[in-house]
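Fold and contact review
The primary structure of each chain is shown beneath.
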Amino acid sequence: MAQSNVIAREHRTLIGMETTFGTTPAGSYPEVMTEIVPIHDALHVDGLAVEMLDVNDARVRRNDATQPVQGLKMASKVAMTCYAKAVATTNILTAAGTVGSLSQCIPFLHCFGVEHAAIGTTVSTAASETTFDATSVATLKKGTWITVTISGTPEPCKITNISTNTVTVEPALSATPANGAIIRNLRTYAPAESHSSSMTCQFAFAGDSAAQYTANGVCASMKITTGFGQLVTYALDGMAATFTGPSAQAIAVTSVTDDMSAPFLFKEATVLLAASPARATGLVCETLEVDFPNDWKPVRDPNGTETINSMVNVAGRPRAATLKIRLRFDSAQETAFTAETGYSFYAWVPYGSGTTTRYLVLDMSNVKIVNKPKPVKVDERFYLDLELGALKDDTVTVAAESGTDLDLIYAPYRVAFG
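From a predicted model like this one, the values you see are computed outputs, not experimental measurements. For every chain, the first residue of its written sequence is number 1, and the numbers climb from 1 along that sequence. Where totals are concerned, whole chains, interfaces and linings use all residues; where local detail is concerned, this predicted model gives features only for residues with pLDDT of at least 70, and gives and counts side-chain atom pairs only at 80 or more. Each side-chain value is derived from all of the structure's non-hydrogen atoms; neither hydrogens nor water enter the calculation.

This part covers the overall build of the protein. Per the secondary structure count, the protein includes 3 helices and 28 strands. For the protein, the spread of C-alpha atoms along the three principal axes comes to 85 × 50 × 45 Å. For the exposure calls, accessible area comes from a 1.4 Å probe over protein chains only, and a residue counts as buried if that area is under 20% of its type's maximum, exposed if over 50%, partly exposed in between. Residue burial in the protein is summarised as follows: out of 418 residues, 47% are buried. We call two residues contacting when some pair of their heavy atoms lies within 4.5 Å. Taking the intrachain contacts of the protein between residues at least 6 apart in sequence as the baseline, contacts between residues at least 24 apart amount to 71%. For every accessible area listed, the method is Shrake-Rupley and the probe measures 1.4 Å; residues are considered covered only by the protein chains on display. As displayed, the protein has an accessible area near 19,100 Å², and 50% of this comes from carbon and sulfur atoms. Measuring between centres, the 31 positive side-chain charges of the protein sit 4 Å from its 40 negative side-chain charges. Runs of E in the DSSP output that reach at least two residues are strands. Runs of H or I that reach at least four are helices, and both are numbered from the N terminus. Charged residues are defined here as Lys and Arg on the positive side and Asp and Glu on the negative side; His and the ends of the chain fall outside this count. Working definition for charges: the position is that of NZ of Lys, CZ of Arg, CG of Asp or CD of Glu.

All right, on to the sheet that holds strand S11 (residues 153-163) then. We treat two strands as partners when DSSP finds at least two bridges between them. Pairing is antiparallel around the closed barrel formed by 6 strands, whose spatial order is S8-S9-S12-S11-S10-S13. Across the sheet, the mean angle separating the axes of adjacent strands is 45° when strand polarity is ignored. As paired strands, strand S8 (residues 121-126) and strand S9 (residues 131-134) are joined by 3 bridges and run antiparallel to one another. Counterpart to Ala 126 in the pairing with S9 is Phe 132. Lines fitted to C-alpha atoms define the axes here, with helix axes fitted over just the stretch in contact, and angles between the N-to-C directions of these axes take values from 0 to 180 degrees.

What follows is about a nonpolar patch on the surface. On the surface, a cluster of nonpolar side chains totalling about 190 Å² of accessible area is made up of Val 299, Val 312 and Val 314. Position of Val 299 among the secondary structure elements: in strand S21 (residues 296-305). For Val 299, a relative accessible area of 33% corresponds to the partly exposed category. Residues enter a patch when their relative accessible area is above 30% and they make no salt bridge; the linking distance is 9 Å between like charges and 5 Å between nonpolar side chains (Val, Leu, Ile, Met, Phe, Trp, Tyr). For salt bridges, the criterion is a side-chain nitrogen of Lys or Arg within 4 Å of an Asp or Glu carboxyl oxygen.

Note on ring pairs: Phe, Tyr and Trp rings are taken, using the six-membered ring of Trp, and paired if centres are within 6.5 Å. Classes follow the plane angle, with under 30 degrees stacked, over 60 edge-to-face and the rest tilted. What the rule picks out here adds up to 12 aromatic pairs. Relative to Tyr 346, the ring of Trp 145 lies with its centre 5.4 Å away and its plane at 75°, an arrangement referred to as edge-to-face. Here Trp 145, found in strand S10 (residues 145-150), pairs with Tyr 346, found in strand S24 (residues 342-351); they are 201 residues apart in sequence, far enough to count as distant. One aromatic cluster is present, built from ring pairs that chain together Phe 108, Phe 112, Tyr 189, Tyr 234, Phe 292, Tyr 413 and Phe 417. Criterion for a charge above a ring: Arg CZ or Lys NZ at most 6 Å from the ring centre, at most 35 degrees from the ring normal. Above the ring of Tyr 410, the side-chain terminus of Lys 392 is found at 4.7 Å from the ring centroid.

Have a look at this one:
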């Protein structure tokens, strides 16, 4: 035996979307191994294991145990938590922007299934705070998030309709945009109706060249969590169909290069929760947690990877996604729960300032309180914890769209950043 002193936080992590289930991708982005930077103490590879099957044959002696049989690797767990980070200024999607190949996009694309990322455009003429003509609508889509620059600052809003070159948005902008105002696309993610996806995750620890693992056929769910004064994080909780390691796999442990900018800080965030939310009417939200649960079911095949041919996401009813927020005490929330009042929930967290302000956006356009508001005490102050369930979006106009365009329109939840 040759033992090594391996410092767990000294490691390099790579992820990639699989072209073939259970096979490490080697194509082009996002189907290629791409470096990502998880939080060092929130990476868990100790769940990689082989299922051991007990053999319960009858014996004369009570302790006459029987050697178990090695089963499959498909019960292996893979989990990591990352900071939700802003894109670099070079990856802002203006009319002259470049979509690029960003590591943070891979887990969102895997967990959600639909991505819209395209260059932006400009305002040609504007009628109001909610309606304007765009110079080009070719790269814009209903149900996605954009920013429109008002007095030098980009303001996030969702496209609810596109008719010829006329774009309608919500919530209303703070003012009517000027001619030539920049329309920036945010990278928008929504759940796919038909969702089959898998990733490969690689972990290489710097302390020993044999302390390297590759997990294939990884399928995960995502949870986004934050609160005042905290950095926004997204946690991936998944299962791997199979894995290799620990072994020397020639995974380079060169210095980490992060292609994202700094993490989003939940400080000057805007949280809206109302039937028809107005941009200027923010809600004081102490903590916030959004759970996007996936329910991955294996498509079995005796010739597949650990008897699995692919994984299909069957999550949805009765809950598509859950929002948990902590508010200062407000007795009206109990009335809203009793009356089953419908709300729209929008939240955005800024990073930077001026024309290059970037945003992380959480969107649940149709939510209702699904559990009785729970009173809690925090530092001798009284709060309410609300749990809301996401329903199908009813704010976006439907015309002749089909396929993934409908996924963006009907999405019960969306995440956007850029």
